[in-house]
Amino acid sequence: MAKEIPDLVAEARTGTGKGAARKARREGKVPGIVYGDGKDPLAVQFDFNQLLTKLRAGRFMSTLWNMKVEGQDDVRVICRGVQKDVVKDLPTHIDFMRLRRTSKVNLFIHVEFINEDKAPGLKRGGTLVTVRPEVELVVTAGDIPESIVVDLEGRQIGDSIHIGDVKLPAGAKPTTDRNFVIANLAAPSALVSEEAEEGAADADAEAPEAEGEEAEEANAEE
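What you see is a predicted model, and the numbers here were worked out from it, not measured in a lab.

> Lay out the packing of aromatic side chains in plain terms, naming residues and giving numbers.
For the coordinates displayed, the defined rule picks out three aromatic pairs. Among the aromatic side chains, those forming a connected cluster through ring pairs are Phe46, Phe60, Trp65 and Phe96. Just above the ring of Phe108 sits the side chain of Arg59; from NZ or CZ to the centre is 3.6 Å. The ring of Phe180 is capped by Arg132, whose NZ or CZ atom sits 4.0 Å from the centre of that ring.

> Account for the layout of surface pockets, with residues named and values stated.
Space inside the largest pocket adds up to approximately 260 Å³. As for the largest pocket, its lining consists of 13 residues, and the residues nearest its centre are Lys39, Asp73, Asp74, Val75 and Arg98. Listed by contribution, the elements that provide at least two residues to the lining of the largest pocket are strand E3 (39-47) and strand E5 (75-84). Taken together, the residues that form the lining of the largest pocket break down as five nonpolar, one polar and seven charged. In this structure, the second largest pocket encloses a volume near 160 Å³. Looking at the lining of the second largest pocket, its residues break down into three nonpolar, two polar and four charged.

> Before we move on, can you summarise the pattern of salt bridges with the specific residues and values?
The final tally for this structure, using the stated rule, is six salt bridges. When the shortest N-O distance is used, the salt bridge between Lys29 and Glu11 registers 3.0 Å. One end of the pair, Lys29, is in strand E2 (residues 29-36); the other, Glu11, is in strand E1 (residues 7-12), with 18 residues separating them in the sequence. Taking relative accessible area as the criterion, Glu11 reaches 34% and is therefore assigned partly exposed. Note that Asp37 is salt-bridged to Lys39, the shortest N-O span being 3.9 Å. Since its relative accessible area comes to 52%, Lys39 is described here as exposed. In this structure, a network of salt bridges that share partners links the residues Asp37, Lys39 and Arg100.

> Any details on the sheet that holds E3? Residues and values, ideally.
Strand order around the closed barrel formed by six strands is E1-E3-E2-E6-E5-E4, with mixed pairing between neighbours. Across the sheet, the mean angle from the axis of one strand to that of its neighbour is 45°, orientation sign disregarded. On the sheet, helix H1 (residues 18-26) packs against E2, E3 and strand E6 (91-98) and is oriented at approximately 135° with respect to E2. Across the face of the sheet, helix H2 (residues 48-56) comes into contact with E1, E2, E3, strand E4 (64-69), E5 and E6 while running at roughly 95° to E3.

> Can you break down H1 residue by residue, with the values?
Within H1 the residues assigned to the buried category are Ala20, Ala21 and Ala24. For H1, the arc enclosing every buried residue in end-on projection is 100°, short of the 170-degree limit, so these residues lie on one face. Facing away from the buried side of H1 by more than 90 degrees, the exposed set consists of Lys18 and Arg26. Buried residues along H1 sit in contact with E2 and E3.

> Give a description of the sheet that holds strand E8 (residues 127-130) that names residues and reports values.
Working definition: the strands of a sheet are paired by backbone hydrogen bonds and lie parallel or antiparallel to each other. Strand order in the open sheet formed by three strands is E8-E13-E11, with antiparallel pairing between adjacent strands. Here the strands that pair on one side only, and so sit at the sheet edges, are E8 and strand E11 (160-162). Each neighbouring strand pair of the sheet contributes to a mean axis angle of 20°, computed without reference to strand direction. As defined by bridge partners, E11 adjoins strand E13 (residues 181-186) across three bridges and the pair is classed as antiparallel. The partner of His162 across the bridge, within E13, is Val181.

> How would you sum up a positive patch on the surface? Please name residues and give values.
A surface patch of like charges, here positive, comprises Lys18, Arg22, Arg25 and Arg26. As for its position among the elements, Arg22 is in helix H1. Look at Arg22 and you get partly exposed, because its relative accessible area is 47%.

> I'd love a proper account of the environment of Asn179, names of residues and values included.
Position of Asn179 relative to the elements: it lies in the loop between strand E12 (173-174) and E13. Residue Asn179 is classed as partly exposed on the basis of its relative accessible area, which comes to 43%. For the pair Asn179 and Gly164, spaced 15 residues apart in sequence, the C-alpha to C-alpha distance is 5.9 Å. Discounting residues that sit within four places of it in the chain, Asn179 has contacts with His162, Ile163 and Gly164. A distance of 2.7 Å separates a polar atom in the side chain of Asn179 from the backbone nitrogen of Gly164.

Thresholds, definitions, all that
- Residues numbered from 1 in each chain as written.
- Predicted model: local features only at pLDDT ≥ 70, side-chain atom pairs only at ≥ 80, totals over all residues.
- Heavy atoms only, no water.
- Phe/Tyr/Trp six-rings, centres within 6.5 Å; stacked < 30°, edge-to-face > 60°.
- Lys NZ or Arg CZ within 6 Å of the ring centre and 35° of its normal.
- 1 Å grid on protein atoms, 1.4 Å probe; cavity = no way out; pocket = protein on both sides within 12 Å on 5 of 7 lines; lining within 4 Å.
- Points joined across faces, edges and corners; volume = space filled by probe spheres on them.
- Helix = DSSP H or I, 4+ residues; strand = E, 2+ residues; numbered from the N terminus.
- Nonpolar A, V, L, I, M, F, W, Y, C, P; charged D, E, K, R; others polar.
- Salt bridge = Lys/Arg side-chain N within 4 Å of Asp/Glu carboxyl O.
- Buried < 20%, exposed > 50% of the residue type's maximum accessible area, 1.4 Å probe, protein only.
- Pairing = 2+ DSSP bridges.
- Axes fitted to C-alpha atoms, helices over the stretch in contact; angles between N-to-C directions.
- Contact = heavy atoms within 4.5 Å.
- Arc of directions from axis to C-beta.
- Patch = residues over 30% accessible without salt bridge, like charges linked within 9 Å, V, L, I, M, F, W, Y side chains within 5 Å.
- Areas by Shrake-Rupley, 256 points an atom, 1.4 Å probe, with all protein chains shown as cover.
- Lys, Arg positive; Asp, Glu negative; His and termini not counted.
- Charge placed at Lys NZ, Arg CZ, Asp CG, Glu CD.
- Polar contact = N/O pair within 3.5 Å; in protein donor to acceptor, adjacent residues only side chain to side chain.

This is a description of form; function is not addressed.
Now the structure itself:
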């Protein structure tokens, strides 16, 4: 299932240059530009508060957006730069690049875990520790997966699940060649304490025996 692409509403901006940009800011707008895909650049502007909310939500520059401009066809874009006021740290200008459906783009994709009820490690009281709730993948703009699926069937306490263990959606691949960990099945604290106590008891039991062996060896040498 393809991931739903969020909308980003913009207005066409009349005029370009510093004067037009200042006018947009006075009206509570953030000026921007859309370029790429072999088409002429399009001057746009965004509602300041709405854009700021999206920026502060995170992942703005790694999200593929469906830009909607009244009177024009929707276009898929990705942010390529946000200029900010050096004092207030607020957006003053924003750049977007158009993408074709066949374009490759780096995006963070949600990780979904299935078959928890078929994992022996979880049935024994183990805990699923998620190291990466999202994974950055190179995907095709026209076929972005909703999630990547991690099957927990047969997983035992102590198992680590790496990106190499996961079947990725067609056309998607990690942005790094490193076989990084996505999740671990950790032992319950009670089991860890029990094993630690058993280990200490075994060590205590072995110590006198070892001392006795050393004494016997010393007597034999005499």
